[in-house]
Amino acid sequence: MTVTIVGSQLGDEGKGGVVDLYGDAADVVVRYQGGDNAGHTVVEGGETYKLSLVPSGAVRGKIGVLGNGCVINPRTLFEEIDSLRERGLDPDIRVAERAHVILPFHRVLDSIEEDVKSEDDQEVGTTGRGIGPTYEDKAGRRGVRIGDLLEPDVLRERLEYVVPQKRALVEDVYGLDPDDLEYPNAFDVDALHEEFSEYGRRLESMAVNAGQFLTEARADGKNVMLEGAQGTLLDIDHGNYPYVTSSNPTAGGACVGSGLAPGVVGDGEVIGIVKAYLSRVGSGPMPTELGGVVGDTPGYDEQGEGEHEELATYIREAGDEYGTVTGRPRRVGWLDMPMLRHAARASGFTGLAVNHVDTLAGLEEVKVGHTYTLDGEECRTVPATTEQWERCEATFRTFDGWPEQDWGAVAEAGYEALDENARVYLEYISDELDTPIYAIGIGPGREQSIVLDEPEY
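Residues numbered from 1 in each chain as written. Predicted model: local features only at pLDDT ≥ 70, side-chain atom pairs only at ≥ 80, totals over all residues. Heavy atoms only, no water.

- An unreviewed UniProt entry lists the protein under the name Adenylosuccinate synthetase, with Halapricum desulfuricans given as the organism.
- The record in UniProt for the protein states the following under Sequence similarities (unreviewed entry): "Belongs to the adenylosuccinate synthetase family."
- As its UniProt record puts it under Pathway (unreviewed entry), the protein is described as follows: "Purine metabolism; AMP biosynthesis via de novo pathway; AMP from IMP: step 1/2." (UniProt positions renumbered as here; feature names shortened; annotations may be inferred.)

### Focus: the sheet that holds strand S21 (residues 449-451)
Part 1 of the argument: Taking strand neighbours across the sheet as the criterion, the 10 strands line up as S9-S7-S5-S2-S10-S1-S11-S16-S20-S21 in an open arrangement whose pairing is mixed. Of all the strands in the sheet, the pair left with one neighbour each is strand S9 (207-208) and S21.
Part 2 of the argument: The sheet contact formed by strand S2 (residues 28-31) and strand S10 (residues 224-227) spans 4 bridges and is parallel. Pairing of Val28 across the sheet is with Val224, part of S10. (Pairing = 2+ DSSP bridges. Helix = DSSP H or I, 4+ residues; strand = E, 2+ residues; numbered from the N terminus.)

### Quick look at the side chain of Asn355
Part 1 of the argument: Looking at the element boundaries, Asn355 is found in strand S16 (residues 351-355).
Part 2 of the argument: Apart from the residues lying within four places of it in its own chain, the contact partners of Asn355 are Glu13, Gly14, Val18, Ile273, Val274, Lys275, Ala276 and Gly441. (Contact = heavy atoms within 4.5 Å.)

### Re the packing of helix H12 (residues 337-347) against helix H15 (residues 420-433)
Describing two packed helices takes the angle between their axes plus the distance from one axis to the other.
Part 1 of the argument: Two elements in contact, H12 and H15, have axes separated by 10 Å at closest approach and are oriented at 45°. On the basis of the axis angle, H12 is oblique to H15. Between H12 and H15 lies a crossing of right-handed hand. Contact with H12, carried on its side by Met337, Leu340, Arg341 and Ala344, involves Tyr428, Ile429, Glu432 and Leu433 of H15 and no other residues of that element.
Part 2 of the argument: Classifying every residue of the contact of H12 with H15 by side-chain character gives 6 nonpolar, no polar and 2 charged. (Axes fitted to C-alpha atoms, helices over the stretch in contact; angles between N-to-C directions. Parallel < 35°, antiparallel > 145°, perpendicular 65-115°, else oblique. Left-handed = near helix turned anticlockwise from the far one by under 90°. Nonpolar A, V, L, I, M, F, W, Y, C, P; charged D, E, K, R; others polar.)

### Re the pairing of S16
Part 1 of the argument: Burial analysis of S16 places 5 of its 5 residues in the buried class, the great majority of the element.
Part 2 of the argument: Burial along S16 is two-sided: Gly351, Ala353 and Asn355 and Leu352 and Val354, pointing in opposite directions, are all buried.
Part 3 of the argument: Summarising the sheet, strand S11 (residues 269-275) and S16 pair through 5 bridges and their orientation is parallel. By the bridge assignment for S16, Val274 is matched with Val354.
Part 4 of the argument: In this structure, S16 lies alongside strand S20 (residues 437-441), joined through 3 bridges in parallel fashion. When the bridges of S20 are listed, Val354 appears paired with Ile440. (Buried < 20%, exposed > 50% of the residue type's maximum accessible area, 1.4 Å probe, protein only.)

### As for the nonpolar core
Grouped burial of nonpolar side chains is what soluble globular proteins tend to show.
Part 1 of the argument: Judged by nonpolar contacts, the single largest core of 58 residues is most densely connected at Leu418, Tyr425 and Ile429.
Part 2 of the argument: In terms of residues, this core owes the most to one element, H15, which gives 6 residues.
Part 3 of the argument: Here this core spans two domains, since at least three of its residues come from each of domain 1 (2-93 + 207-273) and domain 3 (274-451).
Part 4 of the argument: Contact partners of Ile429, with chain neighbours within four places excluded, come to Leu335, Met337, Leu340, Leu352 and Val354. (Core = buried A, V, L, I, M, F, W, Y, C linked by side-chain atoms within 4.5 Å. Domains from an automatic or database assignment.)

### Let's talk about the UniProt feature "binding site: Mg(2+)" (unreviewed entry) in the protein
Part 1 of the argument: As annotated by UniProt and renumbered to match this structure, "binding site: Mg(2+)" (unreviewed entry) occupies Asp12 and Gly39. Look at the named residues: they lie 28 residues apart in sequence, but the longest C-alpha span between them is just 7.6 Å, so in the fold they bunch up.
Part 2 of the argument: You can see Asp12 is positioned in the loop between strand S1 (2-7) and helix H1 (15-21).
Part 3 of the argument: The residues contacting Asp12, other than those within four sequence positions of it, are Lys275, Ser279, Arg280, Val281 and Arg330.
Part 4 of the argument: Mapped onto the elements of the fold, Gly39 is located in the loop between S2 and strand S3 (40-44).

### Quick word on the domain arrangement of the protein
Part 1 of the argument: Here the domain parsing of the protein yields domain 1 (2-93 + 207-273), domain 2 (101-202) and domain 3 (274-451).
Part 2 of the argument: Between the C-alpha centres of domain 1 and domain 3 the distance comes to 23 Å.
Part 3 of the argument: Each side of the interface is counted separately: domain 1 has 39 residues, and domain 3 has 37 residues.
Part 4 of the argument: The contact between domain 1 and domain 3 buries some 3,000 Å² in all, and 57% of this surface belongs to carbon and sulfur atoms.
Part 5 of the argument: Of all residues in domain 1, the largest losses of buried area upon contact with domain 3 belong to Gln9, Leu10 and Asp12, amounting jointly to 21% of the total for that side.
Part 6 of the argument: On inspection of domain 1 and its partner domain 3, the count reaches 1 salt bridge.
Part 7 of the argument: A salt bridge links Arg330 to Asp12; the shortest N-O distance between them is 3.1 Å.
Part 8 of the argument: At the boundary of domain 1 and domain 3, one finds 18 residue pairs in polar contact (both at pLDDT 80 or more).
Part 9 of the argument: Mapped onto the side of domain 1 that touches domain 3, the elements with two or more residues apiece are H1, S3 and S11.
Part 10 of the argument: A per-element tally of the side of domain 1 that touches domain 3 places S11 first, with 5 residues.
Part 11 of the argument: Broken down by class, the residue content of the side of domain 1 that touches domain 3 amounts to 16 nonpolar, 15 polar and 8 charged. (Buried area = accessible area lost by both parts, 1.4 Å probe. Salt bridge = Lys/Arg side-chain N within 4 Å of Asp/Glu carboxyl O. Polar contact = N/O pair within 3.5 Å; in protein donor to acceptor, adjacent residues only side chain to side chain.)

### Let's talk about a negative patch on the surface
Part 1 of the argument: A cluster of like negative charges, contributed by Glu97, Glu151, Asp153 and Glu157, occupies part of the molecular surface.
Part 2 of the argument: As for its position among the elements, Asp153 is in helix H6 (residues 152-173).
Part 3 of the argument: On the accessibility criterion, Asp153 (68% relative accessible area) is exposed. (Patch = residues over 30% accessible without salt bridge, like charges linked within 9 Å, V, L, I, M, F, W, Y side chains within 5 Å. Areas by Shrake-Rupley, 256 points an atom, 1.4 Å probe, with all protein chains shown as cover. Lys, Arg positive; Asp, Glu negative; His and termini not counted. Charge placed at Lys NZ, Arg CZ, Asp CG, Glu CD.)

### Structural notes on the packing of aromatic side chains
Part 1 of the argument: For the structure on display, the rule yields 6 aromatic pairs.
Part 2 of the argument: Measuring from ring centre to ring centre gives 6.1 Å for Phe78 and Tyr199, while their planes differ by 10°; the resulting arrangement is stacked. Here Tyr199 lies in helix H7 (residues 189-203) and Phe78 lies in helix H2 (residues 74-86), a separation of 121 residues in the sequence.
Part 3 of the argument: Judged by centre distance (5.1 Å) and plane angle (70°), the rings of Phe196 and Tyr199 are edge-to-face. Placement of both Phe196 and Tyr199 in helix H7 is noted, with a separation of 3 residues, approximately one turn of the helix.
Part 4 of the argument: Residue Phe196 is classed as buried on the basis of its relative accessible area, which comes to 0%. (Phe/Tyr/Trp six-rings, centres within 6.5 Å; stacked < 30°, edge-to-face > 60°.)

See below:
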């Protein structure tokens, strides 16, 4: 069987740490969607590794695969690989030939569109890494794939088709000069061909037919872990559109993004990663929000001061709630149970890992958005449209808080050493989702976790 790691909220749940926690039994770790807009933090041997593209398992010496569902910026990829090598690691990374390539003009267009949308307060809050425009070209059948970089003649043909379109878009739609923007040579076919042909030469020994590679690995008895980026409510189909990413972080995305059959993924474990509260980077509804980080964020009054901002700031600082990729402060809220019910349904969780339980320690009380009220009716899950979600008001349940503890000692002693109030809170989550808790994160390191169960391969 396989093990699939899925974020159950709005990203930033601590998926990389769970991949690391359960990674010892895995032989291959696969990123199945997203690009270098994802941020995974792994702590190993006292060292902190912040990864945005390389699969988290690389820190533990596992084979890492970037699946065909990913969009890949070769610049970022090789920067991360080189950085890991400088720190004494030897990452073994394979890249799907079917994965699409982020080109410099994708990043330029990403920034331009966000700027234009901001004029009407419609910006999504993207990382500006070119993710959306690359997936647009993929869907529009004009993209450049990793396999194209391996064949210079094919690469030139692809570039000569797409670059003039992008130049015209910048000039005629946005009224800008393509040669006077942030990235030099972003719209120069010859310069792009030279740079990305060189990446192709470096990728030649790493490129694989991902589905075949993984199928053969499983036939050889290797354990495969599938790692999603972002979270369920950022899924382009199941999230709060349009404030979403451009791919499918849910478990269904593991099939199409890796090349493994639905039966393979469905027969395996699907671990839902839950942060004990809620955070997000970017725009969009957040019914349990405590206070925003920008003046027009829900939760703020006209003076731009959130009524619960002091508490939000406390949690943000205690949990180090700043984007791994962007460094932006995250919006903070109480746990949202309708969101978790939605995520559990969409991906079919067989187990949960609940992180950041220690972050909430010291609060007198902890709240959970148990249900919503939508147009006078109780709603137990996330409605289908963002406009409906914006009208939802959270109905809260209040739990007694728990004190600070010696988290290292608690991790060593096990679940029963955790304060009773924290256990009541965790058991509420498990009961509501009808899913057992496999692990509890009470600190950033692998050793600061309470492991109740191991996923089965």
